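Okay, here's what each chain looks like letter by letter:
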Amino acid sequence: MKLPKLIYIGGVPVEAELSGAALLYRMLCEYPTDRILVAQPGFPPLGPRLPDVRYVSFDDGVARWVPSTWPVVSRLLRPLAIGINVAWLSRKLAETARSFGAEAVLTVTHGPFCLAAAAVAKRLLLPLYIISHDNWQDTISADPPLLWHWQRQFRAAYTAAAARLCVSPYMVSYYERLYGAPGSVLLPCRAKEVLEYPGPPERSDGRPFTIAYAGSFHVGYTESFRVLARALEECGGHLVIYSNLGSKDASQFGLDSESVLVRPTMPPRDQVANLRATADALVLVLADNLNARLCFPSKLVDYTATGLPILILAPGDSSAAMWAKETQGVAIVVDNWDHEGIARAVRNLESAPGLRCSLGQAALAAGRNSFSYSRARDQFLSILQKAT
């Protein structure tokens, strides 16, 4: 398979640890190392990078000099400064891409730097490939009229792209209505090295019934977690939260009961095995917002690999709830506001080992079908191959 010399330009790092960054890493980890160049923000590495691949870094340029101690001034000036920097950066990275001999440009719709990637592609007459992992507008911090200006630029970039790869079918439909350009679905995928378990884990006798959450904590999840913790307390169970939430923050959010155990975030490479060893079920919580409807939660990729039953607390029209309904028997779905429904789901899971086993088996099968590494890699590389 002949692949183009590819330059990645984006605000999401190509590293193996977190959600969108991990998706990029997995898509590119088998790309020929002499045919790829990565240009990303100059943050300290958050995780392993592509071995033997050249990385170049960039920063916010003039935006660094906007005073953050004056919030009002910063909110007005920083987006303008970033816009100026995007124009400067596109010229600089066009020279980098030209000297590399780039034949295609890849970017992710996160923040303003995808606009720089689009400008590079346009300047050098190269095909642009876009991955949409997050809803772009939610990653931009700007007020009108600058926001409207960036939206026009984004529409032009999105519609001009050679391929638009969205993380869910709901995002494909929404963006087609919004921007008038069709896209393709590229679901998140498992890491290449994830073990394939044959079935759900054996339950450890004597352990309290445990539901675990592994992922970032957001304020919008608080009420769902409180209701879940109360339901578990009633049956003598535990809620274990592996997250960026510290014990002090948990107390402030009312998650300081004896049924709630707060633990540090697990390294992704250890997550599946640790969850199988410590939990009887897993919970996914989504807030009621547009991002939950459009973006597919990457947690489901690892959750389904555990063989544990999954409880989804999310609006009925969220991407996770819709996926679970379309893939029948893969999870229990309860709307966030349905407190009695959450309590009933906990009681059912705690009292019915057979239900837990059937849900876990279904999750394993659905995960193999939906989140296969080889499927996603082959789809991605076959699209890029068309650039040669």
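Heads up: the structure comes first, above all this text.
Below you will find a few notes about this structure. (Residues numbered from 1 in each chain as written. Predicted model: local features only at pLDDT ≥ 70, side-chain atom pairs only at ≥ 80, totals over all residues. Heavy atoms only, no water.)

1. So, unusual backbone geometry
Across the chain, the bulk of peptide bonds are trans and the bulk of non-glycine residues have phi less than zero.
Right, on to step 1. Positive phi, close to 65°, is recorded for Asp52, a residue that is not glycine.
Right, on to step 2. Assignment of secondary structure puts Asp52 in the loop between β2 (36-41) and β3 (54-58).
Right, on to step 3. A residue is classified by how much of its surface remains accessible, and Asp52, at 70% relative accessible area, is exposed.
Right, on to step 4. Within the chain, Leu125 stands out as a residue other than glycine whose phi angle is a positive 55°. (Helix = DSSP H or I, 4+ residues; strand = E, 2+ residues; numbered from the N terminus. Buried < 20%, exposed > 50% of the residue type's maximum accessible area, 1.4 Å probe, protein only.)

2. Re the sheet that holds strand β12 (residues 310-313)
Right, on to step 1. Taken together, the six strands give an open sheet; going across it, the order is β10-β9-β8-β11-β12-β13, and neighbouring strands pair in parallel fashion. The open sheet has two free edges, formed respectively by β10 (260-264) and β13 (332-334), since each of these has just one partner strand. Across the sheet, the mean angle from the axis of one strand to that of its neighbour is 25°, orientation sign disregarded.
Right, on to step 2. Here strand β8 (residues 210-214) runs beside strand β9 (residues 238-243); their pairing, made up of five bridges, is parallel. Paired with Tyr213 across the bridge in β9 is Ile241.
Right, on to step 3. Docked against the sheet, helix α8 (residues 268-278) engages β8, β9 and β11 (281-285), running at close to 160° with respect to β8. (Pairing = 2+ DSSP bridges. Axes fitted to C-alpha atoms, helices over the stretch in contact; angles between N-to-C directions. Contact = heavy atoms within 4.5 Å.)

3. Thoughts on the sheet that holds strand β4 (residues 104-108)
Right, on to step 1. The seven strands lie next to each other as β3-β2-β1-β4-β5-β6-β7, forming an open sheet whose pairing is parallel. Only two strands of the sheet have a single neighbouring strand rather than two, namely β3 and β7 (184-185).
Right, on to step 2. The sheet contact formed by strand β1 (residues 6-9) and β4 spans three bridges and is parallel. Bridge pairing in β4 places Tyr8 opposite Leu106.

4. Quick word on the side chain of Arg26
Right, on to step 1. Here Arg26 is to be found in helix α1 (residues 19-28).
Right, on to step 2. For Arg26, which is buried and forms no salt bridge, the nearest opposite charge comes from Asp302, at a distance of 4.9 Å.
Right, on to step 3. For Arg26, the residues in contact, after removing those within four places along its chain, are Cys189, Arg190, Ala191, Val301 and Tyr373. (Lys, Arg positive; Asp, Glu negative; His and termini not counted. Salt bridge = Lys/Arg side-chain N within 4 Å of Asp/Glu carboxyl O.)

5. Overview of helix α12 (residues 339-351)
Right, on to step 1. Here α12 spans 19 Å end to end across 13 residues, near enough to the 18 Å set by a 1.5 Å rise per residue.
Right, on to step 2. Within α12 the residues assigned to the buried category are Gly341, Ile342, Ala343, Ala345, Val346 and Leu349.
Right, on to step 3. In the core, the buried residues of α12 are packed alongside β8, α6 (222-234), β11, β12, β13 and α13 (353-370). (Expected span 1.5 Å × (residues − 1).)

6. Regarding the environment of Thr33
Right, on to step 1. Checked against the element boundaries, Thr33 lands in the loop between α1 and β2.
Right, on to step 2. Residue classification places Thr33 among the partly exposed residues on the basis of a relative accessible area of 39%.
Right, on to step 3. Separated by 18 residues in the primary sequence, Thr33 and Pro51 place their C-alpha atoms 7.9 Å from one another.
Right, on to step 4. Setting aside anything within four residues of it in sequence, one finds Thr33 in contact with Pro51, Asp52 and Val53.

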